[in-house]
Amino acid sequence: MKTKITILFFSFLFFLPLSSFSHASNDETRLVGTRVAPPFVMQDEDGAWHGLTIALWEHLAGELEIDYAFEQRDIQGLINGVSGGPEAELFASASALTITA
């Protein structure tokens, strides 16, 4: 279980570009891309997000004292959103990432 959590954590950090911290003010709401992938990311009927990845992101955002809003995307949209290219409008992507050995 500890190995799975470690993989999840490092997978999450893969989608968090370091440049994101330098170009946004503390008062700015950051856009975080996500996609439903139980039990990591789930969405209630009322639109509220929860799950393991959501809890991790909420803790990290609290520590960094940043405001954020989630936006649902497909996997390619999550990758493009943080790629650094012309489509990079996300501060971070927070979802499950499948790793096959």
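Anything mentioned here points back to the structure above.
A short tour of the structure in this document, coming up. Everything numeric in this text was worked out from a predicted model, so none of it was measured.

Parameters at a glance
Residues numbered from 1 in each chain as written. Predicted model: local features only at pLDDT ≥ 70, side-chain atom pairs only at ≥ 80, totals over all residues. Heavy atoms only, no water. Phe/Tyr/Trp six-rings, centres within 6.5 Å; stacked < 30°, edge-to-face > 60°. Helix = DSSP H or I, 4+ residues; strand = E, 2+ residues; numbered from the N terminus. Buried < 20%, exposed > 50% of the residue type's maximum accessible area, 1.4 Å probe, protein only. Lys NZ or Arg CZ within 6 Å of the ring centre and 35° of its normal. Core = buried A, V, L, I, M, F, W, Y, C linked by side-chain atoms within 4.5 Å. Contact = heavy atoms within 4.5 Å. Pairing = 2+ DSSP bridges.

Re the packing of aromatic side chains
With the rule as written, the count across this model stands at four aromatic pairs. Summarising the aromatic geometry, the rings of Trp 57 and Tyr 68 are spaced 5.8 Å apart at their centres and angled 85° between planes, so their arrangement reads as edge-to-face. Of this pair, Trp 57 sits in helix H2 (residues 52-64) while Tyr 68 sits in strand E4 (residues 67-72), and the two are eleven residues apart along the sequence. Overall, the relative accessible area of 0% leaves Trp 57 in the buried class. By relative accessible area, Tyr 68 is classed as partly exposed at 25%. Considering the side-chain rings of Trp 57 and Phe 91, the 6.2 Å spacing of their centres and the 65° angle between planes classify their relative orientation as edge-to-face. Note that Trp 57 is positioned in helix H2 and Phe 91 in the loop between helix H3 (75-81) and strand E5 (92-93), a separation of 34 residues in sequence. Through a chain of ring-to-ring contacts, the aromatic side chains of Trp 49, Trp 57, Tyr 68, Phe 70 and Phe 91 assemble into a single cluster. Here the guanidinium or amino end of Arg 30 rests over the ring plane of Phe 91, the centre of that ring lying 5.3 Å away.

Here's the deal with the nonpolar core
With eleven residues, the main nonpolar core is built from Val 32, Val 41, Trp 49, Ile 54, Trp 57, Ala 61, Ile 66, Phe 70, Phe 91, Ala 92 and Ala 94. Ignoring any residue separated from it by four or fewer positions in sequence, one finds Ile 54 in contact with Thr 34, Phe 40, Val 41, Trp 49 and Phe 70.

A word on the pairing of strand E1 (residues 29-34)
Where E1 and E4 come together, six bridges link them in parallel fashion. Looking at the pairing, Thr 29 lines up with Asp 67 of E4. Both E1 and E5 contribute to a ladder of two bridges, which runs parallel. Within E5, the residue paired with Gly 33 across the bridge is Ser 93.

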